[in-house]
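# Breakdown of the fold
Spelled out from the first residue to the last, the chains are:
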Amino acid sequence: MPEKFHDQIPPKTKPVTDYERIAGKGRWYSEAGCTLAVFPIIGTLVGFSSDFPEGYATLLLVPAVIWLWALAIRRAFRLRPLYGEARDYVRRLVDAEERGVRVPQPSPALRLMYRVEKNGREHLAKKAGKQR
């Protein structure tokens, strides 16, 4: 038996699918770049402040740091134009759920946006209830 509100579930557009695909990969780029950047800084400080010039060898990690940061920036620039469409899709999902439609579980890339939207609406409803 088909779901009686199935036609009320908002369709997932191509920008939303692209957002999910891009957001699902490469989260570690910026974290790894920042963590890896600590080693050249410490190594350079050790090489400069002591009789241990081998500390300068950690500067060889700088190209890897720059490469990881470039990947993180590229990912952010690719996600930026798709974010608005993904946010609108999540809002339509929450709207449909408030109307009583059983919506599918959002993907991991959209799950945080979904929770934030849902919690924000619950907070506003509680706040409006207290003002009455």
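Scroll up to find the structure this text is about.
Structural notes, computed from the coordinates. Every value quoted in this text rests on a predicted model; they were computed, and no experiment measured them.

## Details of a nonpolar patch on the surface
A grouping of Phe48, Tyr56, Leu59, Val62 and Ile66 is seen on the molecular surface, where their side chains present a nonpolar patch of about 490 Å² in accessible area. Tracing the sequence through the fold places Leu59 in the loop between helix H2 (28–49) and helix H3 (62–98). Given the relative accessible area of 40%, Leu59 is considered partly exposed.

## With respect to H3
Between its first and last C-alpha atoms H3 spans 50 Å; for 37 residues at 1.5 Å apiece the expected length is 54 Å, and the two agree. For H3, the principal kink sits at Leu82 and spans about 45°. Directly after H3, the chain includes Gly100, whose backbone phi takes a positive value near 100°.

## Topic: the pattern of salt bridges
Oppositely charged side chains can form a pair if their charged atoms are brought close together. The tally for this structure, following the rule as stated, stands at nine salt bridges. With a closest N to O distance of 3.6 Å, Arg91 and Glu117 form a salt bridge. Separated by 26 residues along the polypeptide, Arg91 in helix H3 and Glu117 in helix H4 (residues 108–131) bring together distant segments of the chain. Residues Arg121 and Glu117 are paired through a salt bridge, measuring 2.8 Å at the closest nitrogen-oxygen approach.

## A short note on the environment of Leu82
Take Leu82: it is sitting in helix H3. Put simply, Leu82 and Ile22 are 60 residues apart on the chain and 9.7 Å apart in space, counted from C-alpha to C-alpha. Not counting chain neighbours up to four residues away, the residues in contact with Leu82 comprise Pro15, Asp18, Tyr19 and Ile22.

## Overview of the packing of helix H1 (residues 14–23) against H4
Between H1 and H4, the least distance of the axes is 8 Å, while the angle of their chain directions is 105°. Taken together, H1 and H4 sit at an angle that is classed as roughly perpendicular. Only Ala109, Leu110 and Met113 of H4 make contact with H1, whose side of the interface consists of Val16, Tyr19, Glu20 and Ala23. Looking at the contact of H1 with H4, its residues break down into six nonpolar, no polar and one charged.

## Description of the side chain of Arg75
When you line up the elements, Arg75 lands in helix H3. An unpaired buried charge is present at Arg75: no salt bridge exists, and Glu31, the closest side chain of opposite charge, is 7.2 Å distant. Apart from the residues lying within four places of it in its own chain, the contact partners of Arg75 are Ile22, Ala23, Lys25, Gly26, Arg27 and Tyr29.

## Some thoughts on the packing of H3 against H4
Geometrically, a packed helix pair is captured by the angle between its two axes and the distance between the axes. For the pair H3 and H4, the least separation of the axes is 9 Å and the interaxial angle reads 50°. The angle between H3 and H4 falls in the class oblique. Crossing hand, H3 versus H4: right-handed. On the side of H3, the interface is formed by Tyr83, Ala86, Arg87, Tyr89, Val90, Arg91, Val94, Asp95, Glu97 and Glu98, while H4 contributes Leu110, Met113, Tyr114, Glu117, Lys118 and Arg121. A breakdown of the residues in the contact of H3 with H4 according to their chemical character gives eight nonpolar, no polar and eight charged.

Thresholds applied
- Residues numbered from 1 in each chain as written.
- Predicted model: local features only at pLDDT ≥ 70, side-chain atom pairs only at ≥ 80, totals over all residues.
- Heavy atoms only, no water.
- Patch = residues over 30% accessible without salt bridge, like charges linked within 9 Å, V, L, I, M, F, W, Y side chains within 5 Å.
- Areas by Shrake-Rupley, 256 points an atom, 1.4 Å probe, with all protein chains shown as cover.
- Salt bridge = Lys/Arg side-chain N within 4 Å of Asp/Glu carboxyl O.
- Helix = DSSP H or I, 4+ residues; strand = E, 2+ residues; numbered from the N terminus.
- Buried < 20%, exposed > 50% of the residue type's maximum accessible area, 1.4 Å probe, protein only.
- Expected span 1.5 Å × (residues − 1).
- Bend = angle between axes of the 7 residues up to and from the residue.
- Contact = heavy atoms within 4.5 Å.
- Axes fitted to C-alpha atoms, helices over the stretch in contact; angles between N-to-C directions.
- Parallel < 35°, antiparallel > 145°, perpendicular 65-115°, else oblique.
- Nonpolar A, V, L, I, M, F, W, Y, C, P; charged D, E, K, R; others polar.
- Lys, Arg positive; Asp, Glu negative; His and termini not counted.
- Left-handed = near helix turned anticlockwise from the far one by under 90°.

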